[in-house]
Structure formats: structure tokens, C-alpha cells
Amino acid sequence: MGSLNSSLKLAKMLKANGHQVSYVGLADSEEYVLKNGVEFKKIYEKWFPKGFGAKQALLPVTASSENDVLRAGVSREQAFLEAILNEDTEFPRVIETLRPDLILHIHADPLMVVLALQSYALGINAAYLRDMLGRSKHSEIPPIWTGIIPSESIYSRLCIQLAWHKNSVLRTYSTLYSRFLASVDFNGMIKKLAKKSGYPWALVDKEGLPPYILKLPEVVLCPKEFDFPHSDKPGRYYTEASIDIERNEVSFAWDALDETRPLVYCALGTLAWLPTEHYRAFYQAVIDAACSCPGFQWILAVGDFIYPQDFTNIPSNAIIVHRAPQLQMLKRSRMMITHGGTNTIKECIYFGVPMVVFPLGYDHPGNAARVIYHGLGVKGDFLKVTKEQVRALVDTINLDSGYVRRVQLMQSKFQEAENAQLSLKMIEALLQKRSLS
């Protein structure tokens, strides 16, 4: 959902500038995209039927073990890749019907390489649209799945290089484990697809997040100022945060808010990363902290797999909902307790809201490291959280005006980039390059 949200503003800007825009993707995204006024074409519904995304998002809390989660994903992906290798041409057929001048691959999943390779085989101009700051092996920047904060010291450079080496080892282990557990060689299957598409396997970058990246221009939907300082990578273009402030959001009973109290907003995204009991313990710690902080209004958006009746001692200054209209919440918030997803962090900065970050996985540790580096918030430990820790972190931000001041400085850079519509200009430059060629 985060990647989809970050692309919608760009889609609307392109439409407003006279371009025809179509999304091509899975059935789960169709209703949301259409509701935002953009055309949508479904693909691969046989493999990814409507409701698939919600089921996948809940696997960590519904499966009996991590191996069951892995087996479920391996079985589906194996069948899908085998179909692609055996002449399933659904995506190429849709693309040939649309006849696009440019394909933007929203790069948030390892299987996106399937579409990127098929686009290459069709000879169509393409680029990556990235809402994450993750990048390939680079001596200046640590892997985004680590919480390393770089410095100019030799020790820091050694730590970063060691982290990249560790990543290579773990990726090799993961590949071998998948082959052992389910007798599937994903690396080999994608290598076959690259050969079939005529794309040199040596040019496929296997070290990034997600892995399997082709050499395409990368349009990054985030101002460079939020990243760690580093030298530019050819073909990588930082733009604006691309926050669609007019997007459709869920409803909320605003009359229930006590607007005389500063608001602490807590939400951990739409994906489940850990078993349910960890989330219950976390939210209970936040609720207990709310009990000891009656001067604040607390809103907890706990997702679809947790229920208000799961908790005890809910104070009158705390409201628990499944989902909340995040942009509207942030307009009113003193601070946000977040998992550290890229789009949530971008939205916090855009609205000038300091953060208490509890990283869960994927790119969250690296995002949290950037929040700390720039002085935009503080970090906690999700698995060891207590009401005392939550209270201390909230107090740290509330009692130090420097956090608000630094977020507001970053906010001004984000809003300046937003007004400049850099992504629109970049995409139109790619289209112009194509027309000239």
C-alpha cells in the first residue's frame, strides 16, 4: 500500500499534464487505484487472486511456523515462475494493447524482475520507480536492512563493508535453504528468464533490496536530503516525497478527539511482521503509557488482526481503531509512534511530525537510522518494549524542542521538492529521450 500511495500523486500529475496513465498490477490494487481516478489493468489473477495480498500480509500471525510461511510463498512463486518460463504471455499481451511509451516498475518486490525482463524483451522504454532508499552494494552507504549510522571513520567503513559481506552470505544461505526446504532454485529460474528475454545475467544486480535489479534509470520518490550523505550514482534520480494529500482515506469519528490535548498517533503499517502476541504486548505497553500521560490524546491504529477487546485498562484519553486516516491524523499530531516504513516517515516529515520509531523489518532499521542521524526522532526496541520505555521516548521528544525544529527544517526541504514536481519533470525527460531516439 505504501508503494502504491507514493506513486498515485505522480500518476495524477502526469494525467493533468495530458499523458495517458494506466496501472498494470494485481487484483488487490484495482479498487483503490480506480477510486483515485486512474485506469487499471489486472494481470496474473490466476496466481494472485483478489484477497491474496491481505492473506499474505497476515501469514506471520496465522501460520504455525516460519517454515510454513516460507513454504506457502515458495509454492506460489515456483508455480508462477514456471508458468512465465513456459510461455505465459499475459503481461506482454496487456502491454502490447496499451502500447506505452514508458513503463515505470514500482520496485517493491523481488518478483518485479519478471515484469522488468519481459518489458526488456518487448523493447519498451522502462525505469524503476522507487519509494525506498535501499540501494545496491556501496561502500559509503550501509545496507538499509541494518541500523548502522555511517561516519567518516575507518571503523565505520569497515562495519559497512562487513555488513554488505554478511548480506551476501545470508542471501546465499537463504537461496540454499529455499532449495533444501522446497527443492526450488529461484535464482536459476530467474537466470533462465533473463536468458529467454535476452538480458545479460551479469548485468542483473543481485545485492539490492529488493534483489534482481536491471540496469534501468531509478526515479526515487524521496528527497536526497533524508538519505545519508553519499556520492551520486549514475542513473539514480532523487525527486520529491510524492505525497498525495488528496488521496481517499478511511473515515474517523473526529468528534471523539479532545483537541485541547496534544495528539500522539500510533500505527505500525498494513503488513504483519511477527506473531500476534508481540503486537498485543506492544500496543498494551502504549496503552499503559497513555494511562500515565493523561495530558496527551492517544490514537492507536492497530490493524485488521488486533481487536480493542484484546486490551485491558484502556484510559479515556486513548482511542483504538483498526485503521485511521493517516494524513489527517498527522496534521493534528505532536508526534507519531511508527514502525519506520518509508512512506510513513516521509509523511511525518511532510507534516513536521517528530517520530518514535520501533523498526520491525525490511527497510525499517535503515529508515530509523536516518531518522536518528538527522535528529528527527528516537528509536525503541519493539520486542523489549515496556510502558516505561514508551513514556521515556515520548517525553524525550516532548521535552526537547530541537526535534520539532529539525523536523521542520527537513519539512521545508520536502515541501520545496514537492512544489518543484521533480518526478514529473524526470519522467517527461525520459519520455522526451525516447521520442528523440
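Preceding this paragraph is the structure being described.
Residues numbered from 1 in each chain as written. Predicted model: local features only at pLDDT ≥ 70, side-chain atom pairs only at ≥ 80, totals over all residues. Heavy atoms only, no water.

### Structural notes on the overall build of the protein
Item 1. Helix and strand counts for the protein stand at 16 helices and 12 strands.
Item 2. For 437 residues, the compact-globule estimate of 2.2 N^0.38 gives 22 Å, and the C-alpha radius of gyration of the protein, at 22 Å, lies within 12% of that figure.
Item 3. Dimensions of the protein along its principal axes, counting C-alpha atoms only, are 65 × 50 × 50 Å.
Item 4. Within the span of the protein, comprising 437 residues, buried residues form 51% of the whole.
Item 5. In the protein, once contacts between residues fewer than 6 apart in sequence are set aside, the share between residues at least 24 apart is 67%.
Item 6. Accessible surface, the protein as shown: approximately 20,200 Å² in total, 53% of it carbon and sulfur.
Item 7. Taken together, the 48 basic and 45 acidic charged side chains of the protein have centroids lying 4 Å from each other. (Helix = DSSP H or I, 4+ residues; strand = E, 2+ residues; numbered from the N terminus. Rg over C-alpha atoms; globule rule 2.2 N^0.38 Å. Buried < 20%, exposed > 50% of the residue type's maximum accessible area, 1.4 Å probe, protein only. Contact = heavy atoms within 4.5 Å. Areas by Shrake-Rupley, 256 points an atom, 1.4 Å probe, with all protein chains shown as cover. Lys, Arg positive; Asp, Glu negative; His and termini not counted. Charge placed at Lys NZ, Arg CZ, Asp CG, Glu CD.)

### Some words on the sheet that holds strand S11 (residues 355-357)
Item 1. Ordered by their spatial adjacency, 6 strands build an open sheet running S9-S8-S7-S10-S11-S12, and the pairing between neighbours is parallel. Edge strands, defined here as strands with exactly one partner in the open sheet, are strand S9 (318-321) and strand S12 (377-379). Ignoring which end each strand starts from, the neighbouring axes of this sheet average 15 degrees apart.
Item 2. Here 4 bridges tie strand S8 (residues 297-301) to S9, and the two strands are oriented parallel to one another. Bridge assignment links Ala 301 to a residue of S9, and that residue is Val 321.
Item 3. Against the sheet, helix H13 (residues 364-373) engages S11 and S12, with an angle of about 135 degrees to S12. (Pairing = 2+ DSSP bridges. Axes fitted to C-alpha atoms, helices over the stretch in contact; angles between N-to-C directions.)

### Here's the deal with the packing of aromatic side chains
Item 1. Applying the stated criterion across every chain yields a total of 16 aromatic pairs.
Item 2. With a centroid separation of 5.3 Å and an interplanar angle of 90 degrees, the aromatic rings of Phe 228 and Tyr 373 are classed as edge-to-face. Here the residue Phe 228 occupies a position in the loop between strand S5 (218-220) and strand S6 (236-238), and Tyr 373 occupies one in helix H13, the gap between them amounting to 145 residues.
Item 3. Residue class for Phe 228 comes out buried when judged on its relative accessible area of 1%.
Item 4. A connected cluster of aromatic rings, assembled from ring pairs, spans Tyr 279, Phe 282, Tyr 283, Phe 305, Phe 311, Phe 358 and Phe 382.
Item 5. For the cation-ring pair, Arg 332 lies above Trp 254, with the distance from its terminal atom to the ring centre recorded as 3.9 Å. (Phe/Tyr/Trp six-rings, centres within 6.5 Å; stacked < 30°, edge-to-face > 60°. Lys NZ or Arg CZ within 6 Å of the ring centre and 35° of its normal.)

### Describing the pattern of salt bridges
Item 1. The final tally for this structure, using the stated rule, is 16 salt bridges.
Item 2. Among the ionic pairs, Lys 35 bridges to Glu 31, the shortest N-O distance being 4.0 Å. Taken together, the residues span about one helical turn, with Lys 35 and Glu 31 both in helix H2 (residues 27-35) at a distance of 4 residues.
Item 3. One salt bridge in this structure joins Asp 304 and Arg 323, with 2.7 Å as the shortest N-O distance. With a gap of 19 residues between them, Asp 304 in the loop between S8 and S9 and Arg 323 in the loop between S9 and helix H11 (326-332) connect regions that are remote in the sequence.
Item 4. Taken together, the salt bridges that share partners define one network made up of Arg 130, Glu 218, Lys 233 and Arg 236. (Salt bridge = Lys/Arg side-chain N within 4 Å of Asp/Glu carboxyl O.)

### Considerations on helix H1 (residues 2-16)
Item 1. The terminal C-alpha atoms of H1 lie 22 Å apart, and with 15 residues this matches the ideal 21 Å at 1.5 Å per residue to within 8%.
Item 2. Bending of H1 peaks at approximately 25 degrees at the position of Leu 8.
Item 3. Among the 15 residues in H1, 11 count as buried, and that is most of the element.
Item 4. Listed as buried for H1 are Ser 3, Leu 4, Asn 5, Ser 6, Ser 7, Leu 8, Lys 9, Leu 10, Ala 11, Met 13 and Leu 14. (Expected span 1.5 Å × (residues − 1). Bend = angle between axes of the 7 residues up to and from the residue.)

### Some thoughts on the pairing of strand S1 (residues 22-25)
Item 1. Only one face of S1 is buried: it carries Tyr 23 and Gly 25, and the other face, with Ser 22 and Val 24, is open.
Item 2. In terms of strand pairing, S1 meets strand S2 (residues 39-42) through 4 bridges, oriented parallel. Counted as the bridge partner of Tyr 23 is Phe 40 from S2.
Item 3. The β-α-β motif built from S1, the intervening H2 and the parallel element S2 has right-handed crossover chirality. (Right-handed = clockwise from strand over helix to strand, strands pointing away.)

### Examining the environment of Glu 416
Item 1. Position of Glu 416 relative to the elements: it lies in helix H15 (residues 401-420).
Item 2. Of the residues examined, Glu 416 reaches a relative accessible area of 60% and is grouped as exposed.
Item 3. Note: C-alpha distance between Glu 416 and Glu 240 (176 residues apart in sequence) is 8.4 Å.

### Description of the side chain of Ser 7
Item 1. Looking at the element boundaries, Ser 7 is found in helix H1.
Item 2. Within polar-contact distance, the side chain of Ser 7 engages the side chain of Tyr 23 at 2.6 Å. (Polar contact = N/O pair within 3.5 Å; in protein donor to acceptor, adjacent residues only side chain to side chain.)

### Describing the sheet that holds strand S3 (residues 103-106)
Item 1. The 4 strands lie next to each other as S3-S4-S5-S6, forming an open sheet whose pairing is parallel. Looking along the sheet, the strands with just one partner apiece sit at the ends: S3 and S6. Adjacent strand axes in the sheet meet at a mean angle of 25 degrees when their direction is disregarded.
Item 2. Sitting on the sheet, helix H7 (residues 112-122) is in contact with S3 and strand S4 (126-130), with an inclination near 165 degrees to S3.

### Comments concerning the nonpolar core
Item 1. In terms of nonpolar packing, the biggest core is built from 37 residues, with Phe 226, Tyr 265, Ile 299, Ile 349, Met 355 and Leu 376 touching the most fellow members.
Item 2. For this core, the element with the most residues is helix H12 (residues 342-350), which contributes 4 residues. (Core = buried A, V, L, I, M, F, W, Y, C linked by side-chain atoms within 4.5 Å.)

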